[in-house]
Amino acid sequence: MKILLGIGGSEDSIRALEQTVERALAAGDDLTVAIVENPNTDVSPDDIESQVRAVLDEADLGADIRHVDGDPGSRIVDIAEEEGFDQIALGGGETSPMGKINIGGIAEFVLLNSHVTVKLVR
Amino acid sequence: MNDRIYPDEPASEFDEPPVEFEDREGRPIEIRPYDGDEDEMEALVEMYLEFDPADRAQGIPPGRENRIRSWLENILKGDCLNVIAWDGDQAAGHATLVPADEGAYELAIFVLQAYQQAGIGTRLIEGLLGYGRANDVKKVWLTVERWNRAAVSLYKKIGFETSDAESFELEMTLRLT
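Residues numbered from 1 in each chain as written. Chains lettered and ligands numbered in written order. Predicted model: local features only at pLDDT ≥ 70, side-chain atom pairs only at ≥ 80, totals over all residues. Heavy atoms only, no water.

With an unreviewed UniProt entry as reference, chain B is termed Acetyltransferase (GNAT) family protein, source organism Halogranum rubrum.

Going by what an unreviewed UniProt entry lists, chain A is known as Universal stress protein family protein and is assigned to Halogranum rubrum.

Draft legend 1. Highlighting the pairing of strand β7 (residues 161-164) of chain B. Residues and elements named next belong to chain B. As paired strands, β7 and strand β8 (residues 169-175) are joined by three bridges and run antiparallel to one another. Opposite T162, over in β8, you have M172 as the bridge partner. Hairpin connection of β7 to β8: four residues between the antiparallel strands. (Pairing = 2+ DSSP bridges. Helix = DSSP H or I, 4+ residues; strand = E, 2+ residues; numbered from the N terminus.)

Draft legend 2. Focus on the packing of aromatic side chains. All names here are of chain B. A complete count under the given rule lists six aromatic pairs over all chains for this structure. When the ring of Y48 is compared with that of F110, the centres are 5.6 Å apart and the planes differ by 85 degrees; the resulting orientation is edge-to-face. Placement of Y48 in helix α1 (residues 38-50) and of F110 in strand β5 (residues 104-111) is noted, with a sequence separation of 62 residues between them. With a relative accessible area of 2%, Y48 lands in the buried category. Plain terms: the ring middles of Y155 and F160 are 5.8 Å apart, the flat faces sit at 65 degrees to each other, and that makes the pair edge-to-face. For the residue pair Y155 and F160, the accessibility class agrees, reading buried in each case. Directly above the ring of W141 sits R4, whose terminal nitrogen or CZ lies 3.6 Å from the centroid. (Phe/Tyr/Trp six-rings, centres within 6.5 Å; stacked < 30°, edge-to-face > 60°. Buried < 20%, exposed > 50% of the residue type's maximum accessible area, 1.4 Å probe, protein only. Lys NZ or Arg CZ within 6 Å of the ring centre and 35° of its normal.)

Draft legend 3. Spatial organisation of the UniProt feature "domain: N-acetyltransferase" (unreviewed entry) in chain B. Sites flagged by UniProt as "domain: N-acetyltransferase" (unreviewed entry) map to residues 29-177 of chain B. Between the first and last C-alpha atoms of residues 29-177 of chain B the distance is 28 Å; the span itself is 34% helix and 34% strand. (UniProt positions renumbered as here; feature names shortened; annotations may be inferred.)

Draft legend 4. Structural context of the nonpolar core. By size, the foremost hydrophobic cluster in this structure holds 61 residues, and its most contacted members are B:Y48, B:L72, B:L107, B:I125, B:L129, B:Y155 and B:F160. Beyond its immediate stretch of four places on either side in the chain, B:I125 contacts B:L107, B:I109, B:L154, B:Y155, B:I158 and B:F160. If you look at the next biggest cluster of nonpolar residues, it comprises 19 residues, including A:A24, A:L31, A:I35 and A:V121. (Core = buried A, V, L, I, M, F, W, Y, C linked by side-chain atoms within 4.5 Å. Contact = heavy atoms within 4.5 Å.)

Draft legend 5. Structural detail: the sheet that holds strand β7 (residues 117-121) of chain A. Residues and elements named next belong to chain A. The five strands are arranged β3-β2-β1-β4-β7 in an open sheet whose pairing can be described as parallel. Looking at the sheet topology across the chains shown, the edges are occupied by β3 (64-67) and β7. Between one strand axis and the next, the sheet turns through 25 degrees on average, direction left out of account. As judged from the four bridges shared by strand β2 (residues 30-35) and β3, these two strands associate in the parallel manner. Residue pairing for β3: T32 is matched across the bridge by D64. This element, helix α1 (residues 11-27), spans β1 (2-7), β2, β4 (87-91) and β7 of the sheet and lies at about 160 degrees to β1. Sheet contacts for helix α2 (residues 45-59): β1, β2 and β3; angle to β3, the most-contacted strand, approximately 170 degrees. (Axes fitted to C-alpha atoms, helices over the stretch in contact; angles between N-to-C directions.)

Draft legend 6. Region of the structure containing the pattern of salt bridges. A complete count under the given rule lists 13 salt bridges over all chains for this structure. Close ionic contact of B:D136 with B:K138 constitutes a salt bridge, the shortest N to O distance being 3.8 Å. (Salt bridge = Lys/Arg side-chain N within 4 Å of Asp/Glu carboxyl O.)

Draft legend 7. Structural context of the packing of helix α3 (residues 72-82) of chain A against helix α4 (residues 105-113) of chain A. All names here are of chain A. For the pair α3 and α4, interaxial distance at closest approach is 8 Å and the crossing angle is 40 degrees. With respect to each other, α3 and α4 are oriented oblique. Handedness of the crossing formed by α3 with α4: right-handed. Across from P72, G73, S74, I76, V77 and E81 in α3, the residues of α4 making contact are I106, F109, V110 and N113. Broken down by class, the residue content of the contact of α3 with α4 amounts to six nonpolar, three polar and one charged. (Parallel < 35°, antiparallel > 145°, perpendicular 65-115°, else oblique. Left-handed = near helix turned anticlockwise from the far one by under 90°. Nonpolar A, V, L, I, M, F, W, Y, C, P; charged D, E, K, R; others polar.)

Draft legend 8. Quick peek at unusual backbone geometry. All names here are of chain B. The residue after P17, namely P18, is reached through a cis peptide bond having omega 10 degrees. Tracing the chain through its elements places P18 in the segment before β1 (19-22). Following I60, the chain continues into P61 via a peptide bond in cis, with omega recorded as -5 degrees. Within the secondary structure layout, P61 lies in the loop between α1 and α2 (65-76). Phi is positive for Q58, which is not a glycine, with a value near 50 degrees.

Structural data, given as structure tokens:
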């Protein structure tokens, strides 16, 4: 499958990266990583890129890595629809101190607007 | 999520538990702080095993016993504040304050289905806030699914105000001092 992983640096997006890479290795997915600017994190796009490269190198998996400017949710949906991706993968939310799952703003937008299948990784 | 807006004015007085009352079904209910005892923990595990999954919110309470136990261990320990509504030895409801950030606590409340709509939730949350104020809690926040009108109107009645309405869940806040 042709997978577009959106990553903005939040903890759940890093977990989504690791699991999506693992799954791509097992299933032979064609993976593209879109690095977006998540207003709710302080991690810089360059730092995210080094984390992405580290995980890919560790797994010995090749993937297209892109930096995406503009509104993260709508850009992810655009790219997925225009370039014929089969699935968008995103972090499935952070857990509050109480243990409540809170879905991030980017995932909310993508879920409601994407015509491409969306996977939230837990 | 750290720039939460709180009401300017503190909420009204809340009775500090223990509190005893008769619910609308005529059952004698007592609200007490969790005493750290094994038996009380086990009674809560029983309550959550009986809990209707349709009333889960944002993944809690968890469904399976091992997950219920690890979740409870996490929110019953340390600086967390817990009150339980008892019908004899049966835990009918449970409300909790978990320290989150900068003196603010996250609140959650659960009432077993057989005890819902009997006035227990209001007393339980008031008891928790009275207990919280006595333990120096200054600010409280919670999230609630926006379709859950019963819960939203209960929180409003207590004094919570909506602080963020832009996500799937409403965020509401209350100031104790």
